[in-house]
Amino acid sequence: MAALTEGRHAAEFILSEGNGSVSRDAITIVSGAGKLAAGTVLGKITASGKYTASPATGSDGSQTAAAILLAPVDATSADATGVAVTRFSEVNGNTLTYDASVDDATKRGAKVTQLATVGIIVR
């Protein structure tokens, strides 16, 4: 019998958040970002206001973690609309997905610190 691997579920990373929809915003994921899983740590591109997976380094603004994607989005060939947790929340750090360049504990720790700046606490 073959084993099945299940992907991340929408919002499974949320431990707590503000009442109503105060913690969430509709966002645009920039074309070319690819298929992003629920729980992907996002950065905001300063020039366009669009989001992408937050890399370890860069200079376009996206290198600073600012949100977490609520549900999977495919922005492979066009901008895509999504929903992200952008403030007032606690999240499970074990269920977050990072850009491939965020590949060690030090870099992940930097993202955790950046998220805390916008009121997203990683537990």
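The rules behind each value
- Residues numbered from 1 in each chain as written.
- Predicted model: local features only at pLDDT ≥ 70, side-chain atom pairs only at ≥ 80, totals over all residues.
- Heavy atoms only, no water.
- Helix = DSSP H or I, 4+ residues; strand = E, 2+ residues; numbered from the N terminus.
- Expected span 1.5 Å × (residues − 1).
- Polar contact = N/O pair within 3.5 Å; in protein donor to acceptor, adjacent residues only side chain to side chain.
- Buried < 20%, exposed > 50% of the residue type's maximum accessible area, 1.4 Å probe, protein only.
- Pairing = 2+ DSSP bridges.
- Contact = heavy atoms within 4.5 Å.

(A) The arrangement of helix H1 (residues 105-117) in detail. The end-to-end C-alpha distance of H1 is 19 Å, a good match for the 18 Å that 13 residues give at a rise of 1.5 Å each. Where H1 starts, the residue carrying a side-chain oxygen 3.1 Å from the main-chain nitrogen of Thr106 turns out to be Asp104. Phi for Gly119, located one or two positions after H1, is positive at around 90°.

(B) Molecular detail of the pairing of strand E6 (residues 65-69). Most of E6 sits inside the fold, with five of its five residues counted as buried. Bridge count for strand E4 (residues 41-44) against E6 is three bridges, and the pairing is antiparallel. If you follow Leu42 over to E6, its bridge partner there is Ala67. Sheet analysis places E6 next to strand E8 (residues 80-85), joined by two bridges and oriented antiparallel. Across the sheet, Ile68 pairs through a bridge with Val85, a residue of E8.

(C) Up close: the side chain of Ser89. Within the secondary structure layout, Ser89 lies in strand E9 (residues 89-91). Residue classification places Ser89 among the buried positions, given a relative accessible area of 5%. In contact with Ser89, other than residues within four places in its own chain, are Ser16, Glu17, Gly119, Ile120 and Ile121.

(D) Structural context of the environment of Val102. Here Val102 is to be found in the loop between E9 and H1. C-alpha of Val102 to C-alpha of Ala2: the two residues are 100 residues apart in sequence and 31 Å apart in space. If sequence neighbours within four positions are ignored, Val102 has contacts with Ser54, Pro55, Ala56, Lys107, Arg108 and Lys111.

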